[in-house]
Structures are given as structure tokens and as C-alpha cells.
Amino acid sequence: MDLNRRQMLMAAAALPVAGRADALPPPVRSGAASAPPDDEAYWAGVAGHYDVVPGITQLENGNWGMMAKPVLRVYEAAIERVNRETSYYARRGMGPDLIAVQKRVAAKLGVAPDEIAFTRNATEALKALIGGYNGLRPGDAVLYADLDYDSMQACCDSLKMRRGVDIVRIALPEPATHQGLIDCYAAALDAHPRVRLILLTHLSHRTGLVIPVREIIAMARARGVDAIVDAAHSWGQLDFALPDLGADFVGLNLHKWIGAPLGVGALYIRRDKLELIDPDMANAPPFSPKAQSRVHTGTVDFAAQLSVPAALDFQDAIGDAPRAGRLRHLRDLWAEPLRGVPGIEILTPNDPRLHGGITSFRLSGRTSEADNIAIAKRLLDDHRIFTVHRSGPARGACVRVTPALFNNANDMARLVAALRDMPR
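Residues numbered from 1 in each chain as written. Predicted model: local features only at pLDDT ≥ 70, side-chain atom pairs only at ≥ 80, totals over all residues. Heavy atoms only, no water.

Draft legend 1. Focus on the sheet that holds strand β13 (residues 398-401). If you trace the four strands from one edge of the open sheet to the other, you get β9-β10-β13-β12, paired in antiparallel fashion. Strands at the two margins of the open sheet, each flanked by one partner only, are β9 (344-346) and β12 (388-390). With direction set aside, neighbouring strand axes in the sheet form an average angle of 35°. (Pairing = 2+ DSSP bridges. Helix = DSSP H or I, 4+ residues; strand = E, 2+ residues; numbered from the N terminus. Axes fitted to C-alpha atoms, helices over the stretch in contact; angles between N-to-C directions.)

See the structure below:
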């Protein structure tokens, strides 16, 4: 991604005066197609825009992402304005401002503005999609996998009572391959011809596994099956636009890998599929022919939503492909040296199509939640490396490693050394 001086100035002009001096990361060097993922000097410049906790190697960035300092300044200014002007702003000028934010997000996603609606997080978006999906009849079935997010599994389970459907739960192969994942879903659909809806998690919060969503959706659609896609962790971690997925229904986060303030997610419904999702029960007819009619959040953190363009400015100055490449590079620096080491199980394949920045590990035989809580605690207490355990499917709990743009090669080397030293 090349940024010329004019583009940099235009991006900086969108930020408040207080945030312009160092508002954007250093531009990609002139003439280069992208920032090399192993250019530690360049990425140190990017990392300088984050205010990290000293003395801790933070490798749990999947809960939510840290705002870069220029984004935080914009958010603080927005909080001050919303607090000061309250309804005077909300009832006069905020509506057009939020519409502009919606258009910016839609353009970034590669879809129409009326196909998206803001939510407070991906969970809220997916809850509206799963609970509102009306293409099910008693006796139909809904399919999900063991690596899908717990709350989304619960939403699917609730359809048994609410819609009279059966639930089909599958275990994804481990180790996984690209074709093996497609074959797994194909076999499940063949074995359960009454399935009419599947939940697909683009990038798993548990292990970091990326599934071939586009291929699975096409296969399901050919069988008359709709898919709802959980992209909570993939947008901003991987390099894609929504049309790349071929999806009709998607839930997303902006406060994870996009780096917006906490409390901003989004829902996507392809325009010609809108009628398959019921309007939110808090909305009164006549219903707008827009995705917004399918959610009703009430009063939200408007300042957070108004700060989204600043987060997109920051990420656009880096570039989607360079950011995804850097996160994958950081993952490879620790996961691949430990792959095959006796007693250490790396839970995502080395196929770059099947992972982003997140990857989890497990010590052989240490599969209980208590085991993995203890492993994460030892990493923190003995090595000052902060990770998190993930409870999970029957195959066992694990420890998740989630690098961010402020991490570096030294952080990953410390993790490798700590895990080689771990009793097992």
C-alpha cells in the first residue's frame, strides 16, 4: 500500500487538531507494495502509537484490542462533546454524523450502507441473526461446530425450543486441512439432509483456526442451506472484504482487530436476504427495508461509534495486507519453532490459509481447564507473559496466544524460551 503525502494529509485532517501531530503510523516506504512483516524498525514505529503496560508481554489481545493513541484522543474528544452537548447534539447533528460513519464502515467492508447496522459487539449482532432467522420449520435442523463461540452455540441450541428444530453438532478435524474442513461440513450436510442453517466461525476464538468459509457457503447454498458467519475475530486480523466470503449474514466486531473503542460491532444482511431475518421486536411497523430494522440497541456509546473513522484511518495507513502479514508473522515466530517439540501441541496448521495471528497450544496430557489455567499462570508469574486459557470442546482446554501490532520478535522469542522451559 502506497501512501503519498496528500493522502496522509487528508487522513490526518479527519482527526481533531489535538490528534494530528502523530496521528498515523509511519507511511510505507515509497515505492514498496507493502511493509515487510519482518521489518522490526518499521513495526516499532507502529508500536510506538500504543501505550502498553510496562514489564508485561501482553499476548492476550483477543478480548478486545487496544486503541492506538491517536484513536484514543479522538474518542476522548467525542466523549467530551457527547457529554457536553447531550440531546442538543443527538437531536440535531449527530444523526448525519453517524450515517457518515456507517457509510465509511460499509465502504471498508465492500457492501452497501443499508446492508449494515451497528451493534455493541459481534455477539449482539449474531444473536439478532440467529434468533431472527425465520427460514426454519419444525423438523428442520441447525448445524454448528465445536469450535464455534459458546454464546452462539447457545443461541443455536435455543432454536430447538423456539423453532422446533433439531441441533447437529460436529467436531472439526484436528489436525485440520483445507480440504478436510470442507469435507467435514460436506459429510455433515450429507448425513443430515434436514439441515437448513449452519453457523460458521471464520476464525476461531479458541484455537485460531480459519475455515474456508467461501467454499463451505457455496456448498451449503447448493443444498438449500443458509449460513450465518461469525467474523468477530477475522475482520482486521485477516485481509478480506465481505464479498470475498460470499456470505449473506455476518456478525462483526470493530473493537477487536480494527481498534475502535469498546462497544462497537456490526451486523451485515445482504439486501435480497433481509426478509429471512425478522425485525427486532422493539421496532414498530412499517419496517424499514434496511438492516437497521433487524436490531434495536437503544442508547449506546455514541462517542465510540463516532470514533470509528479514526480507527479506520489508523488501520488504512498501515494497510490491510501488511497488518494481516505482520500478525501472521508474529504467530509464526513462536508457533513454528515449537511445532513438533515433544510435549507441546500447536493447535493450528502451518497452512497460511488456515490461521491468522491467533494460535493456541496445549501441553500433552494437560487437557483440563485447571491444567491450562495453571500453565497461563506460570507464564505470567515466572516470565511476565500474559496469555489466557480457553475452555473448550471435549478434546480439551488450551492456552491462547494472541499477538498485536505492538508486539515484536523479542516478545515471541521470550514465549518460545518460556515454553521450552515449561515442565511437561
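Let's pick the thread back up.
Draft legend 2. Highlighting the environment of V300. Along the polypeptide, V300 turns up in the loop between β8 (265-269) and α10 (302-306). Residue V300 is classed as buried on the basis of its relative accessible area of 15%. Among residues more than four places away in sequence, those in contact with V300 are R120 and Q305. (Buried < 20%, exposed > 50% of the residue type's maximum accessible area, 1.4 Å probe, protein only. Contact = heavy atoms within 4.5 Å.)

Draft legend 3. Here's a closer look at the pattern of salt bridges. Under the criterion given, the structure shown has 32 salt bridges. A salt bridge links R326 to E40; the shortest N-O distance between them is 2.9 Å. With R326 in helix α12 (residues 320-338) and E40 in helix α2 (residues 40-47), the pair connects residues that are 286 residues apart, well separated along the chain. For E40, a relative accessible area of 27% puts it in the partly exposed group. Its salt-bridge partner being R378, residue D382 comes within 3.5 Å of it at the nearest N-O pair. Linking D382 with R378, this pair stays in helix α13 (residues 369-383), spanning four residues, or about one helical turn. When its relative accessible area of 33% is taken as the criterion, R378 is described as partly exposed. Connected through salt bridges with shared partners, the residues R104, K108, D313, D316, D320 and R323 form a single ionic network. (Salt bridge = Lys/Arg side-chain N within 4 Å of Asp/Glu carboxyl O.)

Draft legend 4. Summary view of α12. Counted at 1.5 Å a residue, the expected span for α12 with its 19 residues is 27 Å, and the 28 Å between its end C-alpha atoms agrees. Along α12, the positions that sit buried rather than exposed are P322, R323, A324, R326, L327, H329, L330, R331, W334, A335 and L338. Looking at the packing, one finds that the buried side of α12 touches α2, α11 (308-318), β9, β10 (359-363), β13 and α14 (409-420). Trailing α12 by a residue or two, G340 shows a phi angle of about 90°, which is positive. (Expected span 1.5 Å × (residues − 1).)

Draft legend 5. Seen up close, unusual backbone geometry. In this structure, the amide linkage connecting E174 to the following residue, P175, adopts the cis form with an omega of 5°. Of note in the backbone geometry, T86 takes a positive phi value of approximately 40° without being a glycine. Here T86 is to be found in helix α3 (residues 69-90).

Draft legend 6. Spatial organisation of the sheet that holds strand β2 (residues 116-119). Read across the sheet, seven strands follow the order β2-β8-β7-β6-β5-β3-β4 without closing on themselves; strand pairing throughout is mixed. For this open sheet the edge positions go to β2 and β4 (166-170), each flanked by a neighbour on one side alone. The average angle at which neighbouring strand axes cross in this sheet is 20°, direction not considered. Bridge count for strand β6 (residues 226-231) against strand β7 (residues 249-253) is four bridges, and the pairing is parallel. Residue I228 lies in a different strand from β7, and its bridge partner there is F249. In this fold helix α5 (residues 122-132) packs onto β2, β5 (195-201), β6, β7 and β8, with an angle of close to 165° to the strand it touches most, β7.

Draft legend 7. Structural context of the packing of α12 against α14. It is the contact of α12 with α14, at a shortest axis distance of 9 Å, that shows an interaxial angle of 25°. By the angle between their directions, the pair α12 and α14 is classed as roughly parallel. Here α12 and α14 pass one another in a crossing that is right-handed. Where α12 abuts α14, its residues R326, L330, L333, W334, P337 and L338 lie against A409, M412, L415, V416, L419 and R420. Among the residues forming the contact of α12 with α14, the class breakdown is 10 nonpolar, no polar and two charged. (Parallel < 35°, antiparallel > 145°, perpendicular 65-115°, else oblique. Left-handed = near helix turned anticlockwise from the far one by under 90°. Nonpolar A, V, L, I, M, F, W, Y, C, P; charged D, E, K, R; others polar.)

Draft legend 8. Seen up close, the packing of aromatic side chains. According to the stated counting rule, one finds five aromatic pairs in the structure shown. Judged by centre distance (6.3 Å) and plane angle (80°), the rings of Y133 and F249 are edge-to-face. With a gap of 116 residues between them, Y133 in the loop between α5 and β3 (141-145) and F249 in strand β7 connect regions that are remote in the sequence. The burial state of Y133 is the same as that of F249; both residues are buried. Their ring planes at 75° and their centres at 6.1 Å tell us that W334 and F361 sit as a pair that is edge-to-face. Placement of W334 in helix α12 and of F361 in strand β10 is noted, with a sequence separation of 27 residues between them. An aromatic cluster is built from Y50, F314 and F406, whose rings are joined through pairwise contacts. Just above the ring of Y89 sits the side chain of R81; from NZ or CZ to the centre is 3.8 Å. (Phe/Tyr/Trp six-rings, centres within 6.5 Å; stacked < 30°, edge-to-face > 60°. Lys NZ or Arg CZ within 6 Å of the ring centre and 35° of its normal.)

Draft legend 9. Here's a closer look at the nonpolar core. Residues V105, L172, Y185 and I198 are the most contacted members of the largest nonpolar core, which totals 77 residues. Once residues within four sequence positions are removed from consideration, Y185 is found in contact with L143, A145, I170, L172, L199, L200, I211, I216 and M219. Membership of the second largest hydrophobic core comes to 25 residues, among which are A125, Y144, V165 and I277. (Core = buried A, V, L, I, M, F, W, Y, C linked by side-chain atoms within 4.5 Å.)

Draft legend 10. Representation of the confidence of the model for the protein chain. Mean pLDDT for the protein chain: 91, with 91% of residues reaching 70 or above. Confidence drops under pLDDT 50 across residues 1-22; counting only partners more than four residues distant or on other chains, this segment forms 38 contacts. Note that pLDDT drops below 50 for residues 28-32; the model gives that stretch 12 contacts with residues more than four away or on any other chain. (pLDDT = per-residue confidence, 0-100.)

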